Each structure stands twice: as C-alpha cells, then as structure tokens.
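Structural overview
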Amino acid sequence: MKWNIVTDSSCDLFSKDYQKGDIKFSSVPFNIQIGAESFRDDEQLNKKKLLNLINEGDVGKTSCPAPEDWLEQFRQPGNNDIVQPFR
C-alpha cells in the first residue's frame, strides 16, 4: 500500500519531495510577500533576495498555500494523509 504524507512548507521535517519505500512525503509551499515582492516557499525560493528585502526593513507576511496547490498533491496516487503543524 502506498502512502503520500502531505504538509505545508512550515513543516521542515523533510525536503519538498522525499520518498522512502512506499511512503512519499510532500510539501505544499507557503506564499511569502515582502514589500511588493512575492515568493513561494519552495525549492526555487531566492533566499538571498528574500533576506536582502528583510534586511532593508520591508515588512513581510505569509499566507497559507492555495487550495489548488493542496489538490495537486492529493491527486497523487496512493493513500493521502495530511500532517498540519499547530503553533
């Protein structure tokens, strides 16, 4: 039986897409906005640019992943389960 464990990118337990045996771990990226710039918290995040904007004093905010991004992960084959960290 295959499993797809899905969480958002605030959970730093594993890389975006990691698989071990029949278990795949997937991460759905948060959205980050610093000043007028928007970023996705995924493997293509330009961390240097993000940190420069923060160091310049721009105010940042985040938003949860879009429903379509969650749906994309849940369409993966296998049994899907979600892990949601609570703060």
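The structure displayed is predicted, hence computed values, not measured ones.

**Re the confidence of the model for the chain**
Of all residues in the chain, 85% have pLDDT values of 70 or greater, and the mean over the chain is 83. Put simply, strand S7 (residues 79-82) is where the chain has its lowest mean pLDDT, 68, and strand S4 (residues 31-34) is where it has its highest, 94.

**Here's the deal with the side chain of asparagine 4**
Mapped onto the elements, asparagine 4 comes out in strand S1 (residues 3-8). Looking at asparagine 4, its side chain comes within polar contact range of the side chain of serine 26, at 2.9 Å. Polar side-chain contacts of asparagine 4 include one of 3.1 Å to the backbone oxygen of glutamine 73.

**Here's the deal with the pattern of salt bridges**
All told, the structure shown has three salt bridges when counted by the stated rule. Between glutamate 37 and lysine 49 there is a salt bridge, with the nearest N and O atoms lying 3.3 Å from each other. Of the two residues, glutamate 37 sits in strand S5 (residues 37-40) while lysine 49 sits in helix H1 (residues 47-55), which places them 12 residues apart along the sequence. Residue glutamate 37 is classed as partly exposed on the basis of its relative accessible area, which comes to 31%. On the basis of relative accessibility, which here comes to 35%, the residue lysine 49 falls in the partly exposed class. Between aspartate 42 and arginine 40 there is a salt bridge; the shortest N-O distance is 3.7 Å. Because the salt bridges share partners, they merge into one network encompassing Arg40, Asp42 and Asp69.

**Let's talk about the sheet that holds S5**
Judged by pairing direction, the sheet is antiparallel, and its three strands sit side by side in the order S5-S4-S6 without closing on themselves. The outermost strands of the open sheet, each flanked by one partner alone, are S5 and strand S6 (60-63). The sheet shows a mean angle of 20° between the axes of neighbouring strands, taken without regard to direction. The sheet contact formed by S4 and S5 spans four bridges and is antiparallel. Across the sheet, asparagine 31 pairs through a bridge with arginine 40, a residue of S5. Where H1 meets the sheet, it contacts S4 and S5, and its direction lies at approximately 140° from that of S5.

**Things to note about the packing of aromatic side chains**
Here the structure, examined in full by the defined rule, presents one aromatic pair. Between tryptophan 70 and phenylalanine 74 the ring centres are 6.3 Å apart and the planes differ by 15°, which places this aromatic pair in the stacked class. Here tryptophan 70 and its partner phenylalanine 74 are both found in helix H2 (residues 67-74), four residues apart, which amounts to about one turn of the helix.

**Some details on H2**
If you check which residues of H2 are buried, you get Asp69, Trp70 and Gln73. All buried residues of H2 fall inside an arc of 100° around its axis, so they share one side. Relative to its buried face, H2 has exposed residues pointing more than 90 degrees away, namely Pro67 and Glu68.

Definitions and limits used
Residues numbered from 1 in each chain as written. Predicted model: local features only at pLDDT ≥ 70, side-chain atom pairs only at ≥ 80, totals over all residues. Heavy atoms only, no water. pLDDT = per-residue confidence, 0-100. Helix = DSSP H or I, 4+ residues; strand = E, 2+ residues; numbered from the N terminus. Polar contact = N/O pair within 3.5 Å; in protein donor to acceptor, adjacent residues only side chain to side chain. Salt bridge = Lys/Arg side-chain N within 4 Å of Asp/Glu carboxyl O. Buried < 20%, exposed > 50% of the residue type's maximum accessible area, 1.4 Å probe, protein only. Pairing = 2+ DSSP bridges. Axes fitted to C-alpha atoms, helices over the stretch in contact; angles between N-to-C directions. Contact = heavy atoms within 4.5 Å. Phe/Tyr/Trp six-rings, centres within 6.5 Å; stacked < 30°, edge-to-face > 60°. Arc of directions from axis to C-beta.

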